[in-house]
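Residue-level listing of the chains:
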Amino acid sequence: MTRQDIISHTGLSSGNGLSTVLANLESCGFIRKYANYSAKHRGGLYQLVDFFTLFHFRFLRDSSFMHLLSWQSLQRTPDFYSWAGYSFELLSLLHVDQIKRSLGISGVLTHAYSWRSAKAQLDLVIDRNDNTINLCEMKFCEDTFEIDGQYEAALRTKVSTFVEEVSPYKSVQLTLVSTYGLQRNAHSGVIQNEITLDDLFA
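Note that the structure is a prediction, hence the values are computed from the model and not measured. (Residues numbered from 1 in each chain as written. Predicted model: local features only at pLDDT ≥ 70, side-chain atom pairs only at ≥ 80, totals over all residues. Heavy atoms only, no water.)

Focus: the overall build of the chain
At step 1: A tally of helices and strands in the chain yields 8 helices and 7 strands.
At step 2: What you see for the chain is a C-alpha radius of gyration of 18 Å, in line with the 17 Å of a compact globule of 202 residues.
At step 3: Relative to its 202 residues, the chain shows a buried fraction of 42%.
At step 4: Entry remark: accessible area of the chain is about 11200 Å², with carbon and sulfur atoms responsible for 51%. (Helix = DSSP H or I, 4+ residues; strand = E, 2+ residues; numbered from the N terminus. Rg over C-alpha atoms; globule rule 2.2 N^0.38 Å. Buried < 20%, exposed > 50% of the residue type's maximum accessible area, 1.4 Å probe, protein only. Areas by Shrake-Rupley, 256 points an atom, 1.4 Å probe, with all protein chains shown as cover.)

Regarding the nonpolar core
At step 1: By size, the foremost hydrophobic cluster in this structure holds 21 residues, and its most contacted members are Y37, W115, V125, L135, I147, F162 and I191.
At step 2: Elements represented by at least two residues in this core include exactly β3 (110-116), β4 (121-128), β5 (132-139), α7 (149-166) and β6 (171-178).
At step 3: It is α7 that contributes the most residues to this core, 5 residues altogether.
At step 4: Those residues in contact with L135 that lie beyond four places of it in its chain are L122, L124, V125, V159, F162, V172, Q173, L174 and T175. (Core = buried A, V, L, I, M, F, W, Y, C linked by side-chain atoms within 4.5 Å. Contact = heavy atoms within 4.5 Å.)

Quick notes on the pattern of salt bridges
At step 1: All told, the structure shown has 7 salt bridges when counted by the stated rule.
At step 2: Salt-bridge contacts for R184 lead to E194; the nearest nitrogen and oxygen are separated by 2.3 Å. Taken together, the residues span a long stretch of sequence, with R184 in the loop between β6 and β7 (193-195) and E194 in strand β7 at a distance of 10 residues.
At step 3: The class for R184 is exposed, based on a relative accessible area of 59%. (Salt bridge = Lys/Arg side-chain N within 4 Å of Asp/Glu carboxyl O.)

Digging into the side chain of T196
At step 1: If you trace the backbone, T196 turns up in the loop between β7 and α8 (197-200).
At step 2: Contacts of T196, omitting those with residues within four sequence positions, involve S178, T179, Y180 and G181.

Concerning the packing of helix α1 (residues 3-10) against helix α2 (residues 16-27)
When two helices pack together, their arrangement is given by the angle between the helix axes and the distance between those axes.
At step 1: Where α1 meets α2, the closest approach of the two axes is 12 Å, and the angle between their N-to-C directions is 110°. As the angle between them shows, α1 and α2 are arranged roughly perpendicular. Judged by residue contacts, R3, I6 and I7 of α1 engage L18, S19 and L22 from α2.
At step 2: Within the contact of α1 with α2, the residues separate by chemical class into 4 nonpolar, 1 polar and 1 charged. (Axes fitted to C-alpha atoms, helices over the stretch in contact; angles between N-to-C directions. Parallel < 35°, antiparallel > 145°, perpendicular 65-115°, else oblique. Nonpolar A, V, L, I, M, F, W, Y, C, P; charged D, E, K, R; others polar.)

So, the environment of G181
At step 1: With respect to the element layout, G181 can be found in the loop between β6 and β7.
At step 2: As for G181 and Y46, which are separated by 135 residues in sequence, their C-alpha atoms are 29 Å apart.
At step 3: Excluding residues that lie within four positions of it along the chain, G181 makes contacts with T144, F145, E194 and T196.

Let's talk about the sheet that holds β4
At step 1: With mixed pairing, 5 strands are arranged side by side in an open sheet as β3-β4-β5-β6-β7. Edge strands, defined here as strands with exactly one partner in the open sheet, are β3 and β7. Here the average twist between neighbouring strands, direction ignored, is 25°.
At step 2: Direction of pairing for β4 relative to β5: antiparallel, over a ladder of 4 bridges. By the bridge assignment, L124 is partnered in β5 with C136.
At step 3: In the packing of helix α5 (residues 78-93) onto the sheet, contacts are made with β4, β5 and β6, and the angle to β5 comes to roughly 145°. (Pairing = 2+ DSSP bridges.)

Brief notes about the pairing of β4
At step 1: Within β4, 7 of the 8 residues are buried, which leaves it mostly tucked inside the rest of the structure.
At step 2: As defined by bridge partners, β3 adjoins β4 across 6 bridges and the pair is classed as antiparallel. Counted as the bridge partner of H111 is D127 from β4.
At step 3: Where β3 folds back on β4, the antiparallel hairpin that results is connected by 4 residues.
At step 4: Between β4 and β5, which pair antiparallel one after the other, the connecting turn spans 3 residues, and N131 there sits at a positive phi close to 65°.

The structure is reproduced here in structure tokens:
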């Protein structure tokens with residue numbers, strides 16, 4: 001959310017009070033503030049990054065889940081996959097250094113952003129000083145991740161939208177960060193680099 005999004009959803013007034021609250025939440029590790037690639041010098045985006053708070057909001061706050069509060073009951077439900085996907089995305093965002101190492105660019109000066117426009121969004125954009133940009137997609141899957149024709153088309157549209165709107169004048173590489181890697185098929189060629197869960201903890 002942008003600062004204005006937070007104000008609109010909470011009804012809080014914009015001022016020093018809100019700035020203090022956001023700064024304290026960021027200092028304590030509950031949220032992070034990061035730049036949108038398209039507006040690197042205008043404000044920023046805020047994201048909830050505390051894993052327990054995410055779990056609480058997904059499963060504990062809603063009393064309708066109370067009868068499901070065993071791990072076996074929660075697994076393989078739509079809410080589980082939604083939570084697991086978001087948690088894996090967050091885990092990846094907290095391991096940018098390991099992603100860079102796996103890409104072989106640890107020694108390259110980089111800046112990490114997210115990107116959001118009216119048409120598409122990317123959770124991690126690694127802007128490199130060697131005239132390359134890695135656009136990273138995070139996908140949680142219980143097996144190797146398979147790209148079908150529809151998802152390939154969506155990825156190509158996302159990349160072309162980024163290039164059209166941002167005009168980065170750099171080489172753009174689509175990078176997949178997934179739990180167990182990419183399953184090779186007729187559509188997997190859209191991905192130039194892949195990172196696995198093991199790479200995040202290497």
